[in-house]
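# Inside the fold
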Amino acid sequence: MENKTSKYFKYAIGEIILVVIGILIALQINNWNEKRKNDSKIATILKEIQKDLLEDILKSKELFAYYKTHDSIIQLALDKKLSREDYLGNNRVDYVNVAVDAFHMKIHSNGYKKLTDNLDNIPEKYQDLIAPLNEIYTYDKYEIDKFDARIDKVTDRLMDDFAASKTWYYRWSQNQISDEAVNYFLNDSLYKNALAIYSNASINLRNNVSSFSSHASELYRNIAELTGDPKIVPDFIPHHLIEPTDQELEAITGNYTLVKIKNDNGNITQFKHPFTVAANKKSIQIIDVKYDNTYGVYFKSSTELYDEQGTSPIIKNDKGEVVSILLRFINAEYELIKME
């Protein structure tokens, strides 16, 4: 009986252990399945964020082009370089409407909102994305919305003023430009003040959209790298379009001096301002030493860099050594001379 009882207890204990092991295995499998489902859910949300970023990056390019044209006209008006013919010619709409039109950019944030609703479930490998996402969807978005609203105030005030005090308003609204209207656009000092405010707001808007676009492009690349999708990043998301050699990276690295800025109207301002350029296989960082600002650019070819703003030539001497970079930013060209 004692042997039978001992065997029974051993058998029972063995059965219990097997049941416990089975339960633990089932729990582990369930945890794996839940983790897999959660990882898939977060990856799907990240893909939606990528889609939002793509739309906004493309929209930012339209915004840059729009305000580049407007700023050019406004600068000509402020410099008194426009004539009656400009306001009466075939392109008169561009001139008379320059400060009563605006380009609005609404940042898409549906994917970001879904991610914030799942903060407790984000896998560790994606944790480093949270801070830069918060940066662009809070700070960058706030600044963009602020200056967008500022431009709206200018356009609304001008339209209200035209309607309330200008007898030519209704004809102007029908694209009929009277001599009185032309005189106003050419000579009215309060109108010139409004142009200056509009231009200042549009420049600040573009600066902040540029920052957003740069951050958005970097995030898109990082998400693609972490998720493996897409395997090929679109060309309009700045990244090295060539595989830079160690020699090319070394040649462009070093200390530079900003010697002049030339805007699109040909105005030149002389400078003596220190910059540093650092380079690696992923990007090139152009660092404003004085203000500690960093601009990311990428190899388009062995003689050109590019980013959201456009293409920047690399100037080399006969020995193939980099002597300067003509950096394009917003509506100006920055000439950086490499130091010995």
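Under the annotation held in an unreviewed UniProt entry, the protein carries the name DUF6090 family protein and is attributed to Sediminicola arcticus.

## Re the environment of E243
With respect to the helices and strands, E243 occurs in the loop between α8 (189–227) and α9 (246–252). For the pair E243 and Y126, spaced 117 residues apart in sequence, the C-alpha to C-alpha distance is 27 Å. Residues contacting E243, with those up to four places away along its chain left out, are E248 and K281.

## A look at the side chain of H240
When you line up the elements, H240 lands in the loop between α8 and α9. A polar contact is formed between the side chain of H240 and the backbone nitrogen of S283, at a distance of 3.4 Å. Leaving out residues up to four positions away in the same chain, H240 has contacts with N280, K281, K282, S283, I284, Y298 and F299.

## Focus on unusual backbone geometry
Cis rather than trans, the peptide bond between D229 and P230 has omega equal to 0°. The phi torsion at K80 lies on the positive side, around 60°, for a residue other than glycine. Although it is not a glycine, D292 adopts a positive phi angle of roughly 55°. Classification of D292 by relative accessible area gives exposed; the value is 62%.

## What to know about the side chain of S324
Structurally, the position occupied by S324 is in strand β7 (residues 322–329). Contacts of S324, omitting those with residues within four sequence positions, involve P313, I314, I315, L336, I337 and K338.

## Things to note about the nonpolar core
Grouped together as the largest cluster of nonpolar side chains are 61 residues, with contacts concentrated most on I49, Y87, L158, F162 and F185. Elements with a minimum of two residues in this core: α1 (2–78), α3 (92–96), α4 (110–116), α5 (130–165), α7 (179–187) and α8. For this core, the leading source of residues is α1, giving 14 residues. Sequence-distant contacts of F162, that is, excluding residues within four places in its chain, are made with V100, W168, Y169, W172, Y184, F185 and Y191. Within the second largest apolar cluster, 18 residues are counted, among which are Y256, V297, F299 and A332.

## Some words on the confidence of the model for the protein
Per-residue pLDDT for the protein has a mean of 89; in total, 97% of the residues score no lower than 70. Here α1 stands out as the element of the protein with the lowest mean pLDDT, 84, in contrast to α4, whose mean of 95 is the highest.

## Some words on the packing of α5 against α8
Helices that pack against each other are described as a pair by the angle of their axes relative to one another and the distance between those axes. Two elements in contact, α5 and α8, have axes whose closest approach is 9 Å; the angle formed by their N-to-C orientations is 160°. Considering the angle they form, α5 stands roughly antiparallel to α8. Once α5 is placed against α8, the crossing between them reads as left-handed. Here the residues of the contact of α5 with α8 sort into 19 nonpolar, six polar and six charged.

## A word on a nonpolar patch on the surface
A cluster of nonpolar side chains, contributed by I13, I17, L18, I21, I25, I29 and W32, occupies part of the molecular surface with about 700 Å² of accessible area. Its location among the elements puts I21 in helix α1.

The rules behind the values
- Residues numbered from 1 in each chain as written.
- Predicted model: local features only at pLDDT ≥ 70, side-chain atom pairs only at ≥ 80, totals over all residues.
- Heavy atoms only, no water.
- Helix = DSSP H or I, 4+ residues; strand = E, 2+ residues; numbered from the N terminus.
- Contact = heavy atoms within 4.5 Å.
- Polar contact = N/O pair within 3.5 Å; in protein donor to acceptor, adjacent residues only side chain to side chain.
- Buried < 20%, exposed > 50% of the residue type's maximum accessible area, 1.4 Å probe, protein only.
- Core = buried A, V, L, I, M, F, W, Y, C linked by side-chain atoms within 4.5 Å.
- pLDDT = per-residue confidence, 0-100.
- Axes fitted to C-alpha atoms, helices over the stretch in contact; angles between N-to-C directions.
- Parallel < 35°, antiparallel > 145°, perpendicular 65-115°, else oblique.
- Left-handed = near helix turned anticlockwise from the far one by under 90°.
- Nonpolar A, V, L, I, M, F, W, Y, C, P; charged D, E, K, R; others polar.
- Patch = residues over 30% accessible without salt bridge, like charges linked within 9 Å, V, L, I, M, F, W, Y side chains within 5 Å.
- Areas by Shrake-Rupley, 256 points an atom, 1.4 Å probe, with all protein chains shown as cover.
- Salt bridge = Lys/Arg side-chain N within 4 Å of Asp/Glu carboxyl O.

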